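Observations on the three-dimensional arrangement
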Amino acid sequence: MWQGVRQPADIAADAFDAADAIGKLICDNPGEITLVAIGPLTNVALAMQRYPAMADSVAEIVIMGGVFTLDDYIKDTNFGLDPEAAHQVLHSGAAVTLVPMDVTTQTLLTQQDLTRLTAVDHPLTEFVRDTLRPWIDYSMATRQLAGCWIHDALVVAWLLNQRVASGIDYRVDIELRPGATRGKSWRYRQPLRLTVGVPEQCGASVHVLHRVDNTLLLSIIEQAFKRLKS
């Protein structure tokens, strides 16, 4: 299935690491930069430790992470790999929008969609087509879907056009205790109906996306590709 698929290019490491690059850029441009985090939050948390002004300086942090109400998921990969980092970023005081698996799994890209979206003749569309075709096949074979989810694309598309997904404000937190639920995210809306054993104020205030317009999402991607110059 993956035979012959092009591999990512090797990029030489820089002495100025990712955490420093993130923290310095944001603090040097207060209020001007939205940080998009689509992996574990280790570097973001480290940047905040090194640059204490970062939480106040960043315009917004949009995070792909968390899972709340999906059957067969206790946690997602990004929060599960570094729960402490996720906890730190959510509680940093920065403006945070969360794009959990509950919403990214409402997206769908089929082989037919991919053919249509990448019809423009350009090296980028060629690369996207060549690398996504086997992933769609894999997803169809292993997840019994009609195509594949496009988690990361939704995060960026929402920043370009917020009509692509709607959201609700919640209190959100991460389980840090050892065990199977370590890294699990949980949420609630105030006021809680049952408060036994719950601190008066727990969880961080986070905007959580919860519903997707997949047709609009695919249209945003298609229009972006059409603007490419040969």
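The coordinates are above.
This report concerns the structure included in the present document. Predicted, not measured: the structure shown is a model, and the values here were computed from it. (Residues numbered from 1 in each chain as written. Predicted model: local features only at pLDDT ≥ 70, side-chain atom pairs only at ≥ 80, totals over all residues. Heavy atoms only, no water.)

**Focus on the overall build of the protein chain**
Counting its secondary structure elements, the protein chain contains 10 helices and 6 strands. Over its C-alpha atoms the protein chain spans a radius of gyration of 19 Å, differing by no more than 12% from the 17 Å that the globule rule assigns to 230 residues. The principal-axis extent of the C-alpha atoms belonging to the protein chain is close to 55 × 40 × 35 Å. Contacts in the protein chain between residues far apart in sequence, at least 24 positions, make up 76% of those at least 6 positions apart. (Helix = DSSP H or I, 4+ residues; strand = E, 2+ residues; numbered from the N terminus. Rg over C-alpha atoms; globule rule 2.2 N^0.38 Å. Contact = heavy atoms within 4.5 Å.)

**Examining the pattern of salt bridges**
Inspection of the entire model under this criterion finds 8 salt bridges. A salt bridge links Arg 116 to Asp 113, with the shortest nitrogen-to-oxygen separation between them at 3.2 Å. Here Arg 116 and its partner Asp 113 are both found in helix H7 (residues 111-117), 3 residues apart, which amounts to about one turn of the helix. Put simply, Arg 177 and Glu 175 hold a salt bridge, and the shortest N to O gap is 2.8 Å. Among the charged side chains, a salt-bridge network with shared partners connects Asp 113, Arg 116, Glu 222 and Lys 226. (Salt bridge = Lys/Arg side-chain N within 4 Å of Asp/Glu carboxyl O.)

**Some thoughts on helix H2 (residues 42-50)**
Within H2, burial applies to Val 44, Ala 45, Ala 47 and Met 48. Here the buried residues of H2 occupy an arc of 160° about the axis, which is enough to place them on one side. Residues of H2 that are buried sit in contact with helix H1 (18-28), strand S1 (34-37), helix H3 (54-57), strand S2 (60-64) and helix H5 (83-90). (Buried < 20%, exposed > 50% of the residue type's maximum accessible area, 1.4 Å probe, protein only. Arc of directions from axis to C-beta.)

**What to know about H1**
The α-helix winds at 3.6 residues per turn, so residues separated by three or four positions along the chain end up facing the same way. For H1, the set of buried residues is Ala 19, Asp 20, Ile 22, Gly 23 and Ile 26. Mapping the buried residues of H1 onto a view down its axis gives an arc of 165°, with all of them on the same face. Those residues of H1 that are buried lie in contact with S1, H2 and H3.

**Let's talk about the sheet that holds S1**
Two modes of strand pairing occur in sheets, parallel and antiparallel, and in both the strands are linked by backbone hydrogen bonds. The 6 strands lie next to each other as S1-S2-S3-S6-S4-S5, forming an open sheet whose pairing is mixed. Only two strands of the sheet have a single neighbouring strand rather than two, namely S1 and strand S5 (185-188). Ignoring strand direction, the axes of neighbouring strands in this sheet form an average angle of 35°. Summarising the sheet, strand S4 (residues 165-174) and strand S6 (residues 204-212) pair through 8 bridges and their orientation is antiparallel. Bridge pairing links Tyr 170 to Val 206 in S6. Strands in contact with H5 are S2, strand S3 (96-99), S4 and S6; relative to S4, the strand with the most contacts, it is inclined by about 115°. (Pairing = 2+ DSSP bridges. Axes fitted to C-alpha atoms, helices over the stretch in contact; angles between N-to-C directions.)

**Thoughts on the packing of helix H9 (residues 151-160) against helix H10 (residues 214-226)**
Running from N to C, H9 and H10 point in directions that differ by 85°, and their axes come no closer than 10 Å. Relative to H10, the element H9 is oriented roughly perpendicular. Residue-level inspection shows Ala 153, Leu 154, Ala 157 and Leu 160 of H9 in contact with H10, the latter providing Leu 217, Ile 220 and Ile 221. Tallied by class, residues from the contact of H9 with H10 come to 7 nonpolar, no polar and no charged. (Parallel < 35°, antiparallel > 145°, perpendicular 65-115°, else oblique. Nonpolar A, V, L, I, M, F, W, Y, C, P; charged D, E, K, R; others polar.)

**A look at the packing of aromatic side chains**
The description of two aromatic rings rests on the distance between their centres and on the angle between their planes. A full pass over the atoms with the stated rule returns 2 aromatic pairs. For the pair Trp 186 and Tyr 188, a centre-to-centre distance of 6.2 Å together with 15° between the ring planes defines the contact as stacked. Lying across the ring of Tyr 170, Arg 187 places its NZ or CZ 4.4 Å from the centre. (Phe/Tyr/Trp six-rings, centres within 6.5 Å; stacked < 30°, edge-to-face > 60°. Lys NZ or Arg CZ within 6 Å of the ring centre and 35° of its normal.)

**Some words on the packing of H1 against H2**
Here H1 crosses H2 at 60°, and the two axes come no closer than 8 Å. In terms of orientation, H1 and H2 fall into the oblique class. Once H1 is placed against H2, the crossing between them reads as right-handed. Listed contacts from H2 to Ala 18, Ala 19, Asp 20, Ile 22 and Gly 23 of H1 are Asn 43, Leu 46, Ala 47 and Arg 50. (Left-handed = near helix turned anticlockwise from the far one by under 90°.)

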